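This is what each chain is made of:
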Amino acid sequence: MGLCYAVNSAVLPEQWFLPPALDRAPLMLGLVLRHKDVALRITEVEAYMGEQDPGSHAFRGRTKRNAVMYGPPGRAYVYFHMGLHHCVNLVCGPTDFATGVLIRAGEVIDGVDTAMARRNAKGVCRKVDDVARGPARLTVALGIDLSDDGTPVCLEGGPMTLSRPADPVQFSIGSGARVGVSGEGGDAERFPWRFWIAGDPTVSAYRASPPLQARPRS
């Protein structure tokens, strides 16, 4: 069981992000990620474990693209995926360890009208549950793009924050294979590193990666 939160509280400090992503990922469920004027309750995440993880952008070492992953922790790693959309990860672990948590889905709890307008500007969105259901929709709803790469999420009053809200509610956590990860990194038995709030309607659907689209991600 985990805790689900609905009301904003203090922003989590940088020290909270010091353990590696696999430790922090399930604990991010139910927390609130805010970017400027929109906030959502995180309902689905995936852990990526850096150079030891064949599914991670950092598997082959440091590059200009993945530099933010190498620390310090508590920063947003934002990248443009396959030239189509943005994804946002939260960097965890000590500096140079390069682990991160992909924020896959969430329930918008503040700024719903703004989030819906952003989504409809990019394509049709009729249901509130679909506003941030999936990592690309989530960044559109929050207004996150490459200009946010490296932004700290651990500073009170910052443009992007992660908070542990009050009023906890119990929920169950599911886990399984990461979505769309090809090759070794997509092995559900070795890497069951996708976590979600069981039964939540905002959680995205699982899709395996086609065998020929072998592209690591974080």
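Above this text you will find the structure in question.
Described below are features of the structure shown in this document. Quick caveat, the model's predicted, so the values are computed rather than measured.

In terms of helices and strands, the protein carries three helices and 10 strands. Starting at the N terminus and ending at the C terminus, the protein contains elements arranged as β-α-β-β-β-β-β-α-α-β-β-β-β. If you take every contact in the protein between residues at least 6 apart in sequence, the share linking residues at least 24 apart comes to 68%. Total accessible area on the protein is roughly 9,500 Å²; 54% of this is exposed by carbon and sulfur atoms.

Pro-72 follows Gly-71 through a cis peptide bond whose omega is 0°. Structurally, Pro-72 can be placed in the loop between strand E3 (38–48) and strand E4 (76–81). Non-glycine residue Asp-96 carries a positive phi angle of around 80°. Considering the arrangement of structural elements, one finds Asp-96 in the loop between strand E5 (85–92) and strand E6 (99–110). With relative accessibility at 49%, the residue Asp-96 sits in the partly exposed group.

The next thing to look at is the packing of aromatic side chains. All chains considered together, the criterion is met by three aromatic pairs. Measuring from ring centre to ring centre gives 5.4 Å for Tyr-77 and Tyr-79, while their planes differ by 35°; the resulting arrangement is tilted. Residue Tyr-77 is classed as buried on the basis of its relative accessible area, which comes to 0%. By relative accessible area, which is 1% here, Tyr-79 ends up buried. Taking the centre distance of 5.0 Å and the plane angle of 85° together, the rings of Phe-191 and Trp-193 count as edge-to-face. Comparing Phe-191 with Trp-193 shows no difference in burial state: the two are buried. The positively charged end of Arg-62 is found above the aromatic ring belonging to Tyr-70, 4.3 Å away from the centroid. If you follow Arg-194 out to its NZ or CZ, it ends over the ring of Trp-196, 4.4 Å from the centre.

Criteria and cut-off values
- Residues numbered from 1 in each chain as written.
- Predicted model: local features only at pLDDT ≥ 70, side-chain atom pairs only at ≥ 80, totals over all residues.
- Heavy atoms only, no water.
- Helix = DSSP H or I, 4+ residues; strand = E, 2+ residues; numbered from the N terminus.
- Contact = heavy atoms within 4.5 Å.
- Areas by Shrake-Rupley, 256 points an atom, 1.4 Å probe, with all protein chains shown as cover.
- Buried < 20%, exposed > 50% of the residue type's maximum accessible area, 1.4 Å probe, protein only.
- Phe/Tyr/Trp six-rings, centres within 6.5 Å; stacked < 30°, edge-to-face > 60°.
- Lys NZ or Arg CZ within 6 Å of the ring centre and 35° of its normal.

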